[in-house]
Amino acid sequence: GQWSELDFYLPTPSAEYWGDVESLRERLRRDGVASLPMALADAERDGDRILGVIRGVGLSNDGRQSGILAPAASGQTAAMRDALAQAGLDPADVDYIDCHATGTVSGAASLVNVLSAMEAGTLPPSLCDTQTPALADTPFTLVTEPTRWDAAVKTAAVSNFGFGGNNAHLIVQNYVPAEQQSPA
C-alpha cells in the first residue's frame, strides 16, 4: 500500500485542505512548536532555567497489531516498565500521566504540558471531561478541572504511541537543585 491510502497523508497541499491563510496561521498557533534542550549539567553550569528532568525513557515497537495506528498493550507496557526501571521508580510514584495516541498533539507538546503543570503547581483538566468506567477500580482518575499539585517532587509520565506500533514513555520530575534535595 501507499501512504496516501491511509487517508492521513496529503499528497498535494491545497486550499481546500488548509483553508485561507488566517486558518493556517491559527492552526500553527494552536499546534505550536517546542524546543527542549536536554543537557542538565550544561544547564546547571550556565545558570539556565530548568523546569524538569527526564528521569527515564522507555521505547518499543510492537509492529502492527489490530491496525497500523494501534499498538499492542504489551508494547506500551514494555515501554512503561523500561522508563520506570531507568528512573528507579514504581508505578505508584507517578502523580500524573499525560498520554496521547496516533494523530493527536503529542511528543514534545505533551512534555511541555507536563512541565507547565509542574511549574504552575496545577494539573490541567483533560480535554475529555467524562470519567470512564475503565478507571473505576484503579487508583487513576481523569482530571476534569484544574487541580492543585503541591508535591515538593512532582513525578509525571508522558506516554505516546504512534504509527506502526511505536511506543514512547518518559518519566519526568520537576527540577530540584542538588542543594535543596533531601538525603535519600
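Summarised in this report is the structure supplied together with it. (Residues numbered from 1 in each chain as written. Predicted model: local features only at pLDDT ≥ 70, side-chain atom pairs only at ≥ 80, totals over all residues. Heavy atoms only, no water.)

### Structural notes on the environment of V153
Applicable threshold: The numbering of helices and of strands both runs from the N terminus, where a helix is a DSSP run of H or I of at least 4 residues and a strand a run of E of at least 2. Whether two residues are in contact is decided by their heavy atoms: any pair within 4.5 Å suffices.
Secondary-structure assignment places V153 in the loop between β4 (147-148) and β5 (155-162). Along the backbone, V153 and Q181 are 28 residues apart, and their C-alpha atoms lie at a distance of 9.3 Å. Not counting the four nearest positions on each side in its chain, V153 is found in contact with D95, Q173, N174 and V176.

### Here's the deal with the nonpolar core
For clarity, the cut-off: Here the nonpolar core consists of buried residues drawn from Ala, Val, Leu, Ile, Met, Phe, Trp, Tyr and Cys, with membership extended through side-chain atoms lying within 4.5 Å. Exposed residues in this analysis have more than 50% of their type's maximum accessible area, buried residues have under 20%, and partly exposed residues fall in between, with area computed by a 1.4 Å probe over protein chains only.
Formed by 13 residues in total, the largest nonpolar core has its most connected members in Y96, M118, W149 and V172. Among the elements of the structure, α5 (108-120), β5 and β6 (166-174) are those that each provide at least two residues to this core. Apart from the residues within four sequence positions on either side, W149 is in contact with D95, Y96, V114, A117, M118, G121, T122, L123, K154, T155 and A156.

### As for the side chain of N174
Applicable threshold: Polar contacts, as counted here, are pairs of nitrogen or oxygen atoms within 3.5 Å of one another; within protein the pair requires one atom able to donate a hydrogen and one able to accept it, and residues that are adjacent in sequence qualify only if both atoms are side-chain atoms.
Here N174 is to be found in strand β6. You can call N174 buried: its relative accessible area is 11%. Of the polar contacts made by the side chain of N174, one reaches the backbone oxygen of A152; its length is 3.1 Å. Of the polar contacts made by the side chain of N174, one reaches the backbone nitrogen of K154; its length is 2.5 Å. The contact partners of N174, leaving out residues within four places of it in the chain, are L51, G52, M118, A152, V153 and K154.

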